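Inside the fold
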Amino acid sequence: MIDRIALLGRGTLEMLAAVGRAGLFLVQSIICLPSREGLHLWLRQMHFVGVMSVAIVLVSGLFIGMVLALQGFTILVGFGADEALGQMVALSLVRELAPVVAALLFAGRAGSALTAEIGLMKATEQLTSMEMIGVDPLRRIVAPRLWAGFVSLPILTVIFGVVGIWGGYLVGVKWLGVYDGSFWSNMQDSVSFVGDVLNGMVKSLVFGLVVTWIAVFQGYDLIPTSEGISRATTRTVVYASLAVLGLDFVLTALMFGDLG
Amino acid sequence: MKRNSLLELGVGIFMLAGILGLVFLGLRVSGLGVGVPNDTFTLNANFSNIGGLRPNAKVTMAGVRVGKVTDIELDPKWFDAKVIMELDSEYDGKLSEDTTAAILTSGLLGEQYIGLTVGGAPDTLHDGDVIRDTQQALVLEELIQQFVSNMAN
């Protein structure tokens, strides 16, 4: 019995220690003076994390927008309110789907790769060697990746939203025959730039930070074996997805909770 | 070196796509005006029932959009709804004092908005004035109730 309680205590302490390590890790790596070389490293990571994720974001954004319009139309047409399709597609994309789905895709596409990359560096003792020759791995390896994720997820979210709305337009207006003018004017009447678009951006900034943070920390903190790498990669995707979904609820409650 | 510049180009295009996308979301999706917002002036109107009117609903005149509802609050003196709306300043001093405001619905179940109709009085409305002659929103339940009670008689 005593053993069980001690086990619980040890588990809690380990968890708290991991949270503390992760916090210190974030602070240490995010505060770094920008240098020319750092900018170049960041640029390379932007290419890997951001530019290479554009294709998956484009395709899934297009299909999600198209499905949204198709489903919305069949429901709305029953009320004779198919003109409200534009506002439905735009609001659900800008407020919810673009930040969340882009973050989930990002966690799967870029987050897992970051964990595996840093994990392999640790397993092959590249990080230790860097410290030996006086290069700070937090600055050299972690910081550019963190910043790249933080900057590129909002951009991916914007691309997702635009493509999704275009997909909704294709299905709703071009295929199902919703009137073009009311599609856009209803959308413009109901979507507010600060309240909806910018709040969506704030969401994706938070998600970008959290997802890349989890990804690099899992890579940096793993047990340096091949099994450890595979576990950490899985953990990255699971934790990041859960964090995104949970945080999304909290953020939504804060932003739109009092909308009545 | 060539590879590097290609990479930089890729990231540049990526950033540019993000900025352009944000501009699209601003202008096309949320209907943000370009440049400085138009000058506006404020009018108030009291309605005995606003139905489903919400802030940001449009204010029209002969079907043309001339402004929007900025705020709706309960008037504690009369216990009716006080609707505050902003109209383009080009109509400041042009609307006659006996202008009427009605809450209309676009379509059977569409959004509600305010329609203004000018009267013939020589005096005009200015910033902060109150529209006296208003027509409350059409509430479907009340109509049905009336219809049913008429049928019963």
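No experiment lies behind these values; they were computed from the predicted model shown.

1. Some details on the interface of chain A and chain B
Counting from both sides, the interface comprises 26 residues of chain A and, opposite them, 21 residues of chain B. It is helix α6 (residues 137-175) of chain A that contributes the most residues to the side of chain A that touches chain B, 6 residues altogether. Partitioning the side of chain A that touches chain B into residue classes produces 17 nonpolar, 6 polar and 3 charged.

2. As for the packing of helix α3 (residues 54-76) of chain A against α6(A)
Residues and elements named next belong to chain A. Where α3 meets α6, the axes come as close as 7 Å, and the angle between the chain directions of the two elements is 40°. The angle between α3 and α6 falls in the class oblique. As for how α3 packs across α6, the hand of that crossing is right-handed. Each residue belonging to the contact of α3 with α6 can be placed in one class, and the counts come to 19 nonpolar, 6 polar and no charged.

3. Structural notes on the nonpolar core
Ranked by internal contacts, the top residues of the largest apolar core, which has 73 residues, are A:Ala102, A:Ala103, A:Phe106, A:Val211 and A:Val216. Among the secondary structure elements, those contributing two or more residues to this core are α2 (36-50), α3, α4 (85-123), α6, α7 (180-190), α8 (193-221) and α9 (226-256) of chain A together with α1 (2-29) of chain B. The dominant element in this core, judged by the number of residues it contributes, is α6(A), at 20 residues. Filtering out sequence-adjacent residues up to four positions away, A:Val211 remains in contact with A:Ala103, A:Phe106, A:Ala107, A:Gly111, A:Gly149, A:Leu153, A:Ala240 and A:Val244. Counting residues in hydrophobic clusters, the runner-up holds 21 residues, among them B:Ala81, B:Val83, B:Ala101 and B:Ala137.

4. Looking at the pairing of strand β1 (residues 40-47) of chain B
The side chains of a regular strand alternate, residue by residue, between the two faces of the sheet. Residue and element names in this part refer to chain B. Pairing geometry for β1 and strand β4 (residues 80-88), over 8 bridges, is antiparallel. Across the sheet, Leu43 pairs through a bridge with Met85, a residue of β4. With 2 bridges joining them, β1 and strand β7 (residues 130-131) adopt parallel strand pairing. The residue of β7 that forms the bridge with Ala45 is Ile131.

Definitions and cut-offs
Residues numbered from 1 in each chain as written. Chains lettered and ligands numbered in written order. Predicted model: local features only at pLDDT ≥ 70, side-chain atom pairs only at ≥ 80, totals over all residues. Contact = placed C-beta atoms within 7 Å. Helix = DSSP H or I, 4+ residues; strand = E, 2+ residues; numbered from the N terminus. Nonpolar A, V, L, I, M, F, W, Y, C, P; charged D, E, K, R; others polar. Axes fitted to C-alpha atoms, helices over the stretch in contact; angles between N-to-C directions. Parallel < 35°, antiparallel > 145°, perpendicular 65-115°, else oblique. Left-handed = near helix turned anticlockwise from the far one by under 90°. Core = buried A, V, L, I, M, F, W, Y, C linked by C-beta atoms within 7 Å. Buried ≥ 20, exposed ≤ 12 C-beta atoms within 10 Å, placed from the backbone. Pairing = 2+ DSSP bridges.

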